[in-house]
Amino acid sequence: MPNSPIDALFSTVYEELRSAAHNVRKRNQGDTLNTTLLVHELYLRLRKSSGVEFANKAQFFGYAGRALRSIMVDHARSRIAERARVNDIAVLLSSETTPELLSPAHALGLDTALKLLEVDDARAAKVVELHFFAGLTLAEIAEHLALTSRTIDRDWRYARAFLQTALSDSGDGVS
Amino acid sequence: MPTKTIRELFDAALQLPIDTRAGWLAAQALEPQILARVMQLLAAEHDSSSVLDRPFVEQLHGLAQPQETFATAKLIDTHIDGYRLLSLLGQGGMAQVFAAERLDADFHQQVAVKLLRRHLHSELELRLFQRERQALASLEHPNIARLLDGGVTAAGVPYLVMELVRGVDLIQYARQHNLSLRARLALFAQVCDGVNAAHRALIVHRDIKPANILVNQTGVVKLLDFGVAKLLDEQIDQQMATFAPLTPEYAAPEQFDGRAITTATDVFGLGVVLHELLVGVRPARGNGLGTDTARASDLISTQTTLELKPAPISAPELKRFLRGDIDNILRQALAAEPNARYASAGDLAADLRRFLTGQPVQAHPASGWYRTSKFVRRNRGAVLTCGVLLLGLVGSLIYALSQAQIARAQTAQATLQAKRAQATRDFLVQLFEVSEAGVARTEIPSTDTLLRDGGKRVLHGLQDAPNLRIELLNVIGGVQQSLGLSSDAKPLLDAALMQAKLRLSPADPQWLQAHTNSAQLAVDENRFNPAIETITAALLQSQDKNPDMRIRLGALKTLALAQSFSDQFKAAELTTQQMQALAKTTFGAASIESYDALELATEIAYQATNFAQNDLLSTQLLAQANARFGALHARTLEAKIARIQFFSAALRPSDARVLAESAATDLAKVYPQPNETHIIVLNALSAVQFQTGDIDASANTLEQVNQLYLGPLKGHPGRDTLLNNLGAIRLKQLRFEEALALNTQALALASASFGAEHSQTAPILRSRGQILTQLQRFPEAMTALLKAQQIYLAIDGLDSPLALKIELPIADIALRQGYGAKALQSIRPALVRLRQTNAETHRDVLAARLLKARALVLTKNYADAANNLPALLADIRNAGAVATYLLPNALMAQGDALRGIGNNAAARTAYQDALTLRHAEKPVNQAAIAELDQRLRGLQ
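This one's a predicted model, so the numbers in the text were calculated from it and none came from an experiment. (Residues numbered from 1 in each chain as written. Chains lettered and ligands numbered in written order. Predicted model: local features only at pLDDT ≥ 70, side-chain atom pairs only at ≥ 80, totals over all residues. Heavy atoms only, no water.)

Caption draft 1: Looking closely at the packing of aromatic side chains. The final tally for this structure, using the stated rule, is five aromatic pairs over all chains. Taking the centre distance of 6.0 Å and the plane angle of 50° together, the rings of A:Tyr158 and A:Phe162 count as tilted. One end of the pair, A:Tyr158, and the other, A:Phe162, are both in helix H7 (residues 149–170), four residues apart, so they sit about a helical turn from each other. Judged by its relative accessible area of 2%, A:Tyr158 falls in the buried class. With a centroid separation of 5.2 Å and 80° between ring planes, the pair formed by B:Tyr595 and B:Phe629 is classed as edge-to-face. With B:Tyr595 in helix H25 (residues 592–607) and B:Phe629 in helix H26 (residues 611–629), the pair connects residues that are 34 residues apart, well separated along the chain. What makes B:Tyr595 buried here is its relative accessible area of 0%. In this structure an aromatic cluster arises from ring pairing among A:Tyr158, A:Phe162 and B:Phe10. (Phe/Tyr/Trp six-rings, centres within 6.5 Å; stacked < 30°, edge-to-face > 60°. Helix = DSSP H or I, 4+ residues; strand = E, 2+ residues; numbered from the N terminus. Buried < 20%, exposed > 50% of the residue type's maximum accessible area, 1.4 Å probe, protein only.)

Caption draft 2: Structural context of helix H38 (residues 862–879) of chain B. Residue and element names in this part refer to chain B. Between its terminal C-alpha atoms H38 stretches 25 Å, which fits the 26 Å expected from 18 residues at 1.5 Å a residue. The largest bend in H38 amounts to roughly 30° and is located at Leu 869, with the proline Pro 870 lying one to four residues further along. Ala 865, Ala 866, Leu 869, Leu 872, Leu 873, Asp 875 and Ile 876 are the residues of H38 that are buried. The secondary structure elements touched by the buried residues of H38 are helix H37 (843–858) and helix H39 (887–900). In the stretch just after H38, Gly 880 is the one whose phi turns positive, near 80°. (Expected span 1.5 Å × (residues − 1). Bend = angle between axes of the 7 residues up to and from the residue. Contact = heavy atoms within 4.5 Å.)

Caption draft 3: Molecular detail of H37(B). Residue and element names in this part refer to chain B. Helix length check: H37, at 16 residues, gives a terminal C-alpha distance of 22 Å against a target of 22 Å (1.5 Å per residue), a fit within 8%. With 13 of 16 residues buried, H37 is to be regarded as a mostly interior element. In the segment just after H37, Lys 860 is the residue with positive phi, at about 65°.

Caption draft 4: Local environment of the nonpolar core. Residues B:Leu637 and B:Ile644 are the most contacted members of the largest nonpolar core, which totals 58 residues. In this view, B:Ile644 contacts B:Ala656, B:Leu659, B:Ala660, B:Ala663 and B:Val688; residues no more than four positions away in its chain are not counted. In this structure, A:Val73, A:Ile141, A:Leu163 and B:Val38 belong to the second largest nonpolar core, which totals 52 residues. (Core = buried A, V, L, I, M, F, W, Y, C linked by side-chain atoms within 4.5 Å.)

Caption draft 5: Quick look at the pattern of salt bridges. Counting across every chain of the model gives 35 salt bridges over all chains. One salt bridge connects B:Arg7 with A:Asp155, and the closest N-O pair in it is separated by 2.7 Å. Taken together, the residues span two chains, with B:Arg7 in helix H1 (residues 6–15) and A:Asp155 in helix H7. Here B:Arg7 matches A:Asp155 in class, with each residue buried. The shortest N-O distance in the salt bridge between B:Glu780 and B:Arg777 comes to 2.8 Å. Residue classification places B:Glu780 among the partly exposed positions, given a relative accessible area of 39%. Connected through salt bridges with shared partners, the residues A:Asp121, A:Arg123, A:Asp155, B:Arg7 and B:Asp11 form a single ionic network. (Salt bridge = Lys/Arg side-chain N within 4 Å of Asp/Glu carboxyl O.)

Caption draft 6: Quick look at unusual backbone geometry. Of note in the backbone geometry, A:Ala146 takes a positive phi value of approximately 55° without being a glycine. Along the chain, A:Ala146 falls in the loop between helix H6 (138–145) and H7. For B:Arg206, which is not a glycine, the phi torsion comes out positive at approximately 75°. Tracing the chain through its elements places B:Arg206 in the loop between helix H8 (181–200) and strand S8 (213–216).

Caption draft 7: Local environment of the packing of helix H35 (residues 801–816) of chain B against H37(B). All names here are of chain B. Relative orientation of the contacting elements H35 and H37 amounts to 25°, with a least axis distance of 10 Å. Relative to H37, the element H35 lies roughly parallel. Judged by the twist between their axes, the crossing of H35 over H37 is left-handed. Of H37, the residues touching H35 (which contributes Lys 805, Leu 808, Ala 811, Asp 812 and Leu 815) are Asp 844, Ala 847, Ala 848, Leu 851, Arg 854, Ala 855 and Leu 858. (Axes fitted to C-alpha atoms, helices over the stretch in contact; angles between N-to-C directions. Parallel < 35°, antiparallel > 145°, perpendicular 65-115°, else oblique. Left-handed = near helix turned anticlockwise from the far one by under 90°.)

Caption draft 8: Fine view of the side chain of B:Arg341. All names here are of chain B. Relative to the helices and strands, Arg 341 is located in the loop between helix H13 (325–333) and helix H14 (345–356). Overall, Arg 341 belongs to the buried group, its relative accessible area being 4%. A polar contact of 2.6 Å, which involves the side chain of Arg 341, links it to the backbone oxygen of Ala 335. (Polar contact = N/O pair within 3.5 Å; in protein donor to acceptor, adjacent residues only side chain to side chain.)

Caption draft 9: View of the sheet that holds strand S9 (residues 221–223) of chain B. Residue and element names in this part refer to chain B. On the basis of which strands lie adjacent, the open sheet formed by three strands has the order S7-S8-S9 and antiparallel pairing. Unpaired on one side and paired on the other, strand S7 (167–169) and S9 mark the two borders of the sheet. This sheet shows a mean twist of 35° between the axes of neighbouring strands, independent of strand direction. Inspection of the sheet shows S7 paired to S8 by three bridges, in the antiparallel sense. Looking at the pairing, Val 168 lines up with Val 215 of S8. Sheet strands in contact with H8 are S8 and S9, and its direction is about 35° off that of S9. (Pairing = 2+ DSSP bridges.)

Following this line, the structure appears as structure tokens:
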């Protein structure tokens, strides 16, 4: 339901993060972004504005992780579409992405692997969204989810291993 | 023992030392696949490098920004959307141009395809590009190569498809055809016509050069790449001035230092091309990058080489041809100061045609102040009157100097003081002297002219007294600024700031003053955030070191204004409280400084719609004014205006009107000669008349103001705003054609005095969009609104609140054309952003909510609309007079929503309520009533 309040909140978070990420990227070209700052700032800003209400902070961070994940997929899709198209019209001379950074193929692979992980272990997938995407520390996640940090730490190690195996199965050949 | 899951095995193994894990797993008697999987996971866990180890956002940059470049050779024969690229026509740092043909066309019409080397990633960048392209596509003129198509490839590579012009550039063409000088001028006049057509559409070329001026086989001039320079300008969302790509040989001085680009920028480029066309070389550029002092004819000597000689005539002949009028025309086109140039390409063309037909040209050998000074020689008596005007200036100078004196009253500096006083006196004497030598004009030189002369003197003189120079630049620039002469003030204040940064310490009052003035300039240009940053930083740096509290108060005042204009009212109110406290402790409660602070606090409380505070402060202000200045005094009049504003805001229009009428009566007694206050009071009167629903009286009052502008206050700033307001009232009176005519006048005025892309033209473009919407001229309306939005975005960055507000009329157009989803798309994010800074009952928020409700109805989301509308209607009613105009439309939307969910009875009530309101309106909106009647009939 596009008009259900949950989705409106989500799309707000998505829009905001997308433009915030874009703006910050434009302003400090070359600098890396500070995820934590970006996400926390947005939280404060949205909370101040009267129109947006979150049930709790955890809900917001959940959205933020999910939104950043969609942003990743959007970017990767457009990059890959661009390549398919460019193969038609031109040749890309160079495409320098260092292996330990996300390539478009990686990104889509990661999204697929996350879907698998959601089925396999939903909480571990949630931890990925909060840690990798929304930039929360494992301790913060433990606090938000009201679990011990030992549990979250294990979730993360499992999720990381799970995704890593999925990525090396499928990813590299394409990029 | 129950079977463990992979996850459990993994967790358990992780608890063990690494070298014992395999052994432990082997002992678990697992299925081979399970064992393999757990081993694989453990290996991956141990793997040290993973993309997951760096937060996603840090990697986003690399993901979003490809480093690809196009290999030209491989692009040939490839397809871009519907076009096949045939051959490379040219390439530069910013773009590659190919000859191309349409794939699906019956005949092979060739076009030029330009691939811009710039990626567009975000929605917004894309939208800005598309909007600009839309504006350019509407440009149709025989001398302009048409923009046919364009778009953005999936990769975010923007491209443009243009009419392919086969020809050579203007200079080559003239050379190849051995054109006579007159033929060259005639050809060049065509160039000006093309440029002028674009200027009238408010499009500036920004990159006029021979390579962009081709002549085809039939001898017709075609201008290429109109406005493309702007499309290449990546800096559009930065708050800093933009530095678009430019061609240094042809660029105007303002393009080098990032000042405003206006139509005069193109005039400069045209001047360089004309120079090259006639003289054979480009003009020499001075330090200021202008060519004010050079004379084209001086370049021609009898020894002139054949190479330089452009036309088949002898050097002495050429020299004779250039001398006089052509020299003057070139000089006026090539002036360093944009204001000193021809205002548009059309004016330049007109002068060239006058020359060709033997009429006297308008270009004069000397600058404006020379002419003024000539006038003064002939009109000594009148000039004495001007002395009175000058007194104000002298007063400010003395004030500034006395401040400096207090600050530095030390014996060691006594000589310096004496020198300063002497230099000041010399300066004033010079100013009078200038005014004593001159030619005829029928008017007394205005304060504006005298200030401008003085400013020029200081800007180019006083090199031996640098600190005094800063002060005088501050004073004159500041006075000009307060008179609304921002464009005159800007060079002075820029120079003052630069010099202050170089020469003064933050402890010097003039250092703070220079920063304040510069921030005020930014405020005048609606660049609020930069202004706030400048002031805040300057106040911090000069903290406690600056002994001059008046200058500090001035800085706080500018800060408060910037804060309030950018809707940061809480901050602004705090700033004014700080000012009131500072004024009271430094100068006492009865001081004029305290009164000034109170006055500003009142204004800010008004802006902040803080009714209680505004009531309190405006009452105090008027009481203090009466006690301090008496009933018939300028400041008392202003206090009355403040109280009138309160009454209007507090929905006490009849109180407001009584006071406004009394103010209008006082006016003639306080100021027998019409002046700016007449404009202010009459504007206020017109506003309350408007509010009391007396739109006709309001229009009449504005008409009266217009008469002042046409007569005694001719040339006074603000007429563009007045005409714009009058246009807006005609819009309310449903007299759309008149509204459009007034708006057109306002736009012309503003464009001529500020430039097409100045913040001053934006509100006019905005109302233009609304007027055109009423006239159902939607594409033009859209163009005007987008243009206004672009101006705000360029000035104030992507967060510009004014740009945001334009989303509302844009969505309105989408709704009127039936594009509900599209409207919803633009109104949703706009509403989110509006709510970040405004209360739920803010007029703009209400308007946006109503648009959203209408869009929901249009997209058949009736239930959603019906859910939203009751709260909206209640909020509109609570918001009072500022929002009542929304009520009939909101009721109609509610009717539509209720009908949509099948509640016809309630829908009828809503429509009937709307109808009742519509009938009570003056003038009666027949179209709206017809619409409601139709809906009511539809219910039967």
